[in-house]
Amino acid sequence: MITPSLLAFLLFIVIANYLFTRWFIRYAKVRRITDYPTARSSHEVPTPKGGGVGFVWVTLLSYAVYLLVHGLYDMTGLPVLVLVLTTVSCLGWFDDKHDLSKRVRFGVQSMAAIAAIVFLGGLESIYVPLLGMTEPGLLGSIIAFFWITGTANIYNFMDGVDGIASVQAIGASVGWMIFAWIWEVPELFTVNLFLLAALSVFLTFNWAPAKIFMGDVGSLFLGFAFAIMPFLAAYESDGVDAGETIWLAGLLLWPFLFDGAYTIFRRLSKEENIFKAHRSHLYQRLNITGWSHSRISTLYLLFSLIGIGCALMFHFFSGWSQILLLVILLAASISFIPFVKRTELRQGIGER
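Residues numbered from 1 in each chain as written. Predicted model: local features only at pLDDT ≥ 70, side-chain atom pairs only at ≥ 80, totals over all residues. Heavy atoms only, no water.

A. Representation of the overall build of the protein chain within the structure. A tally of helices and strands in the protein chain yields 14 helices and 4 strands. Taken over the C-alpha trace, the protein chain has a radius of gyration of 20 Å; the compact-globule value for 352 residues is 20 Å, and the two agree within 12%. Taken along its principal axes, the extent of the C-alpha atoms in the protein chain is 55 × 50 × 35 Å. Contacts in the protein chain between residues at least 24 apart in sequence constitute 74% of all its contacts with a sequence separation of at least 6. Carbon and sulfur atoms form 66% of the exposed surface of the protein chain, whose accessible area is close to 15800 Å². Distance between charge centres in the protein chain, computed from 23 positive and 22 negative side chains, equals 17 Å. (Helix = DSSP H or I, 4+ residues; strand = E, 2+ residues; numbered from the N terminus. Rg over C-alpha atoms; globule rule 2.2 N^0.38 Å. Contact = heavy atoms within 4.5 Å. Areas by Shrake-Rupley, 256 points an atom, 1.4 Å probe, with all protein chains shown as cover. Lys, Arg positive; Asp, Glu negative; His and termini not counted. Charge placed at Lys NZ, Arg CZ, Asp CG, Glu CD.)

Laid out in structure tokens, this is it:
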């Protein structure tokens with residue numbers, strides 16, 4: 001799937017994102033596009049934010065030109081994909097600069113999710129291990145809507161220490177490239193290859209100690225992009241069904257989805273406002289105990305690689321083997337919770 005044309009695009013992405021991000025760090029300092037530490041922050045010094053605008057624009061521009069060069073604009077869903085991700089990234093950019101209201105943020109996210117479902121397709125059927133494909137009807141579109149918006153917001157919430165959102169995205173893009181190769185879906189492979197190249201460059205600036213944060217412009221873009229991948233895969237290939245690939249999407253994002261979902265349910269059980277800033281994610285609690293940003297991000301990179309392995313096994317397994325795999329993964333994930341608690345107790349820190 002790697003052609004001279006793709007290599008030229010990759011060279012542009014690497015050079016353009018590197019030069020732009022270096023320039024943007026200086027620009028953000030002058031314009032005071034800065035994340036200042038608060039009691040809820042995981043960093044200690046003011047750091048430029050919004051740096052995700054670099055990998056966002058080079059990825060979207062490169063993919064848009066790629067579609068044009070290869071005559072793929074007759075596939076209506078692909079230009080709509082570019083438009084949806086552009087809209088979401090613009091929302092993140094304005095939120096980084098102006099702290100938009102929750103109503104505005106969710107309103108724009110909702111319209112973007114609906115557009116993706118309408119033009120790429122929703123969940124006309126859903127795969128259930130042992131039962132096979134089921135047809136949920138209208139419920140499928142509702143599930144697809146909350147999957148996209150929920151995944152995007154969890155991804156946004158999880159961007160809290162240097163490098164963590166970047167390594168999760170790198171792991172997910174590698175996973176989707178593998179599946180695109182298995183299914184022989186070149187457009188799916190290409191968009192994830194572009195993401196991988198752009199994020200690898202950004203990580204050199206985002207790794208601890210971070211010179212810049214990706215901000216909402218980057219994390220919302222990535223959350224939406226990876227939430228939409230199963231629908232994109234099904235749109236581009238008649239042999240792929242979104243009702244099956246959404247399982248793979250969940251496994252490729254499992255480290256973020258588990259941490260995010262567990263923290264939300266835990267805060268709800270304590271009657272806390274889940275939309276209020278906090279430091280109670282599992283990775284944040286490790287940071288409070290003294291774990292460095294780089295150590296935490298390395299751990300979540302390992303979790304991401306495990307997610308790729310689980311996604312591949314789920315794809316090739318069937319029936320009870322899939323259920324056993326999911327049970328083992330869930331049990332292993334749950335065992336991470338007491339590990340965090342024991343780490344807190346060793347440091348004399350009460351449960352948050």
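Here the narrative resumes.
B. Spotlight on the environment of Ile143. With respect to the secondary-structure elements, Ile143 resides in helix H5 (residues 138-158). Residue classification places Ile143 among the partly exposed residues on the basis of a relative accessible area of 33%. Apart from residues lying up to four places away in sequence, Ile143 is in contact with Leu123 and Ile126. (Buried < 20%, exposed > 50% of the residue type's maximum accessible area, 1.4 Å probe, protein only.)

C. Representation of unusual backbone geometry. Cis geometry marks the peptide bond from Ala208 to Pro209; its omega dihedral reads -10 degrees. With respect to the helices, strands and loops of the structure, Pro209 is situated in the loop between helix H7 (186-206) and helix H8 (215-236). A positive phi is found at Asp99, a non-glycine position, where the angle reads about 50 degrees. Relative to the elements of secondary structure, Asp99 occurs in the loop between helix H3 (77-98) and helix H4 (102-120). By relative accessible area, Asp99 is classed as exposed at 64%. For Glu184, which is not glycine, the phi dihedral falls at a positive 60 degrees. Mapped onto the elements of the fold, Glu184 is located in the loop between helix H6 (164-183) and H7.

D. Representation of helix H10 (residues 254-269) in the model. For H10, built from 16 residues, the straight-helix expectation of 22 Å at 1.5 Å per residue is met to within 8% by its first-to-last C-alpha distance of 22 Å. Among the residues making up H10, those that are buried are Pro255, Phe256, Leu257, Phe258, Asp259, Gly260, Tyr262, Thr263, Arg266 and Arg267. Positioned one or two residues after H10, Glu271 has a phi angle of 60 degrees, which is positive. (Expected span 1.5 Å × (residues − 1).)

E. Representation of the nonpolar core in the model. In terms of nonpolar packing, the biggest core is built from 114 residues, with Ile148, Leu222, Phe224, Phe226 and Tyr300 touching the most fellow members. With 14 residues, H7 is the single largest residue contributor to this core. Once residues within four sequence positions are removed from consideration, Phe226 is found in contact with Tyr155, Ala169, Ala172, Ser173, Trp176, Asn192, Leu195, Ala249 and Leu253. (Core = buried A, V, L, I, M, F, W, Y, C linked by side-chain atoms within 4.5 Å.)

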